[in-house]
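# Inside the fold
The chain contents come next:
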Amino acid sequence: MKSLYWQTEGEGKCELVLLHGWGLNAQVWRCISERLAPHFRLHLVDLPGYGRSQGFGALSLEEMADIVLRQAPPQAVWLGWSLGGLVASQVALSAAPRVCALISVASSPRFCAGPGWPGIKTDVLQGFQHQLSEDFHRTVERFLALQTLGTDSARRDARQLKSIVLEQPLPAVDVLNGGLDILRTADLRQPLASLALPLLRLYGALDGLVPRKVAALLDAQWPASQSAIVAKAAHAPFISHPALFVETLLTFCRAHRLVA
């Protein structure tokens, strides 16, 4: 039976939907949920096929966004980390009137490197897909380790991410492969350029998956959006720098009169 895990909590009036990254689940937000709860009504979601959202197979980006949107509040701020950033972006493209603002975290409209565009090499993502069928657990661990590489708290943060994965049901191999397919093929640079919504892009200065050069390129291509780079953070700035992350988020939301 297909069932999307959706947990709602918090005391604020502003609805905030939080979407996690590849291989993980909504528990990843527990490191900042207490800081956010006084300001937002939080919606913690396990993406289809991940964590407690079981019964789904591999999905396209559009299918994943549509499934999440069905249970979403009429209007909300959408925040997506990594793969979740692509899903949140697709929601904004397909249902803009229901999105008050879009916030992407360590995400990119195109994850794969290409001519004039920094990102993950295609053969690296294809390698992960090949390795999933041979050594599922080791491949996921390697990907999680890449997300914290270079930070002062890398080992601690990697252990935290690993525990979040292991404490909930693991995604099936076809679900993980589907997620990697999205990361390998999606390109939302042009569609998002005309998006008329408040947009904040948060990056880690040491991120090896979404290089900081992406921030400068999108500053030029999307001049109406805002960007912020967290120094000494990698692919999970909300884990390594929770206080700074939340303050940056609140500053943006206050500027757009979404929270008091």
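The shown structure was predicted, so the numbers you read here are calculated from the model rather than taken from an experiment. (Residues numbered from 1 in each chain as written. Predicted model: local features only at pLDDT ≥ 70, side-chain atom pairs only at ≥ 80, totals over all residues. Heavy atoms only, no water.)

Glancing now at the packing of helix 4 (residues 122-134) against helix 5 (residues 136-148). In the contact formed by helix 4 and helix 5, the axes pass within 6 Å of each other and the chain directions differ by 145°. Residues Phe128, Gln131, Leu132 and Glu134 of helix 4 pack against Phe136, Thr139, Val140, Arg142, Phe143 and Leu146 of helix 5. The class makeup of the residues in the contact of helix 4 with helix 5 is 6 nonpolar, 2 polar and 2 charged. (Axes fitted to C-alpha atoms, helices over the stretch in contact; angles between N-to-C directions. Helix = DSSP H or I, 4+ residues; strand = E, 2+ residues; numbered from the N terminus. Contact = heavy atoms within 4.5 Å. Nonpolar A, V, L, I, M, F, W, Y, C, P; charged D, E, K, R; others polar.)

Within the structure shown, the criterion is met by 12 salt bridges. Measuring nitrogen to oxygen at the nearest pair gives 2.8 Å for the salt bridge that ties arginine 70 to aspartate 66. Of this pair, arginine 70 and aspartate 66 both sit in helix 2 (residues 61-70), separated by 4 residues, roughly a single helical turn. Relative accessible area serves as the criterion here: at 37%, aspartate 66 is assigned to the partly exposed category. Arginine 138 is the partner of glutamate 141 in a salt bridge, and the nearest nitrogen-oxygen pair spans 3.9 Å. Pair noted here: glutamate 141 and arginine 138 are both in helix 5, with a separation of 3 residues, about one helical turn. The partly exposed category is assigned to glutamate 141, whose relative accessible area is 30%. Connected through salt bridges with shared partners, the residues Arg110, Asp187 and Arg189 form a single ionic network. (Salt bridge = Lys/Arg side-chain N within 4 Å of Asp/Glu carboxyl O. Buried < 20%, exposed > 50% of the residue type's maximum accessible area, 1.4 Å probe, protein only.)

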